[in-house]
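Each chain is listed here by its residues.
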Amino acid sequence: MTRRYDPRRALPHLSYTREQLAGTFKVTLTTIWSWTKKGLHPIDRKRPYLFAGGDVRKFLQAHNKPRQPTGPGQIYCVACKQVTQPAGKVVDFIALSPTNGDLVGRCPNCSRRIFQRVRTADIATKAGSLTVRYEGDVATINTDAEPSRTEPLNEGGV
Ligand SMILES: [Zn+2]
């Protein structure tokens, strides 16, 4: 699936017509049709087809990707269960090793910390149009530059 749908929108004690499902999940009837092709079965063969809320829920839980793929400048918010763009379009890069680290920002919806693990070499790609701050310093991304720290990170000992 290209989008993520919240399975909880389907209430287990209700049944839904295709139109109602489309309205519930804000998708087109074509999408509902594609769900039936992927294994969402109506309760029976009588028209109008009715889909059990519990079946819809199970179907979406099984077919939703656990995480949405994130595009440049996007980070997944675990709390909101959706991909978002960090508040202020600013992230901090927290180095975890010479080759990777976390891009850390704030979710604009819930204000929680959101982060994405990235390889250092991929920072520019992942950050997209975001401003990346390196441990307090405001820095512009230079994709040509190898990470060349002359001093070891001073993190107060281990
Ligand atoms: Zn959030």
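Before reading on, note that the structure itself is shown above.
Bear in mind the structure is a predicted one, so any value in this text is a computation, not a measurement. Counting starts from 1 at the beginning of each chain's written sequence and moves along it residue by residue. Local features in a predicted model are, by the rule used here, given only for residues with pLDDT of at least 70; side-chain atom pairs are given and counted only at 80 or more, and totals for whole chains, interfaces and linings are based on all residues. Computation of side-chain values covers all heavy atoms of the structure but excludes hydrogens and water.

(A) Examining the nonpolar core more closely. Leu21, Phe25, Trp35, Leu40, Val56 and Leu60 are the most contacted members of the largest nonpolar core, which has 14 residues in total. Among the elements of the structure, α1 (18-25), α2 (29-37) and α3 (53-63) are those that each provide at least two residues to this core. Not counting residues within four places of it along the chain, the set of residues in contact with Phe25 comprises Arg3, Tyr5, Asp6, Arg9, Ala10, Trp35, Val56 and Leu60. Side-chain atoms within 4.5 Å link the members of a nonpolar core, which is a set of buried Ala, Val, Leu, Ile, Met, Phe, Trp, Tyr and Cys residues. Per-residue accessibility, obtained with a 1.4 Å probe over protein chains only, is compared with the maximum for each type, and a residue is labelled buried under 20%, exposed over 50%, and partly exposed between these values. Numbering of helices and strands starts at the N terminus; helices are DSSP runs of H or I of at least 4 residues and strands are runs of E of at least 2. Here a residue-residue contact requires only that any non-hydrogen atoms of the pair lie within 4.5 Å.

(B) Fine view of the coordination of the zinc ion. As a rule, N, O and S atoms within 2.8 Å of a metal are its donors, except that Na, K and Ca use 3.2 Å; water is not among the atoms, so sites may look incomplete. Coordination of the zinc ion by the protein involves Cys77 (SG), Cys80 (SG), Cys107 (SG) and Cys110 (SG), with metal-donor separations of 2.2 to 2.3 Å. Every geometry call rests on angle ranges, with four donors termed tetrahedral when all angles are between 85 and 135 degrees, four termed square planar and six termed octahedral when opposite donors are over 155 degrees apart and all others are between 65 and 115, and everything else termed irregular. The site at the zinc ion holds four donor atoms, and with the angles between them running 106 to 112 degrees, its shape is tetrahedral. Mapped onto the polypeptide sequence, the residues donating to the zinc ion form the spacing pattern C-x2-C-x26-C-x2-C. Here Cys77, found in strand β3 (residues 75-77), pairs with Cys107, found in the loop between β6 (100-106) and β7 (113-119); they are 30 residues apart in sequence, far enough to count as distant. For the pair formed by Cys77 and Cys107, the shared burial category is buried.

(C) Up close: the packing of aromatic side chains. Whether two aromatic rings pair depends on their centres lying within 6.5 Å, for rings of Phe, Tyr and Trp, where Trp uses its six-membered ring; planes under 30 degrees apart make the pair stacked, over 60 edge-to-face, and the rest tilted. On inspection of all chains with the given rule, the structure shows five aromatic pairs. Measuring from centroid to centroid gives 6.4 Å for Tyr5 and Phe25, while their planes differ by 90 degrees, and the two rings are edge-to-face. Of the two residues, Tyr5 is situated in the segment before β1 (15-16) and Phe25 in helix α1; the sequence distance between them amounts to 20 residues. You can call Tyr5 buried: its relative accessible area is 8%. Phe25 sits in the buried class, given a relative accessible area of 3%. Residues Tyr5 and Trp35 carry aromatic rings whose centres are separated by 5.0 Å and whose planes lie at 70 degrees to one another, so their mutual orientation is edge-to-face.

(D) Seen up close, the packing of α1 against α2. Following both chains from N to C, one finds α1 and α2 inclined at 110 degrees, their axes separated by 9 Å at the closest point. In terms of their interaxial angle, α1 and α2 are classed as roughly perpendicular. Contact with α1, carried on its side by Arg18, Glu19, Leu21, Ala22 and Phe25, involves Leu29, Ile32 and Trp35 of α2 and no other residues of that element. Residue polarity is assigned by list, with Asp, Glu, Lys and Arg as charged and Ala, Val, Leu, Ile, Met, Phe, Trp, Tyr, Cys and Pro as nonpolar; anything else, Gly included, falls into the polar class. Here the residues of the contact of α1 with α2 sort into six nonpolar, no polar and two charged. Every axis corresponds to a line fitted to the C-alpha atoms, with the helix fit spanning only the stretch in contact, and the corresponding angles, defined between N-to-C directions, vary from 0 to 180 degrees. In this scheme, roughly parallel covers angles under 35 degrees and roughly antiparallel covers those over 145, while 65 to 115 is roughly perpendicular and the rest are oblique.

(E) Representation of the side chain of Gln116 in the model. Mapped onto the elements, Gln116 comes out in strand β7. Assessed through its relative accessible area of 13%, Gln116 is described here as buried. Filtering out sequence-adjacent residues up to four positions away, Gln116 remains in contact with Thr70, Gln74, Ile75, Gly101, Asp102, Leu103 and Lys126.

Shape descriptors only; they carry no functional weight alone.
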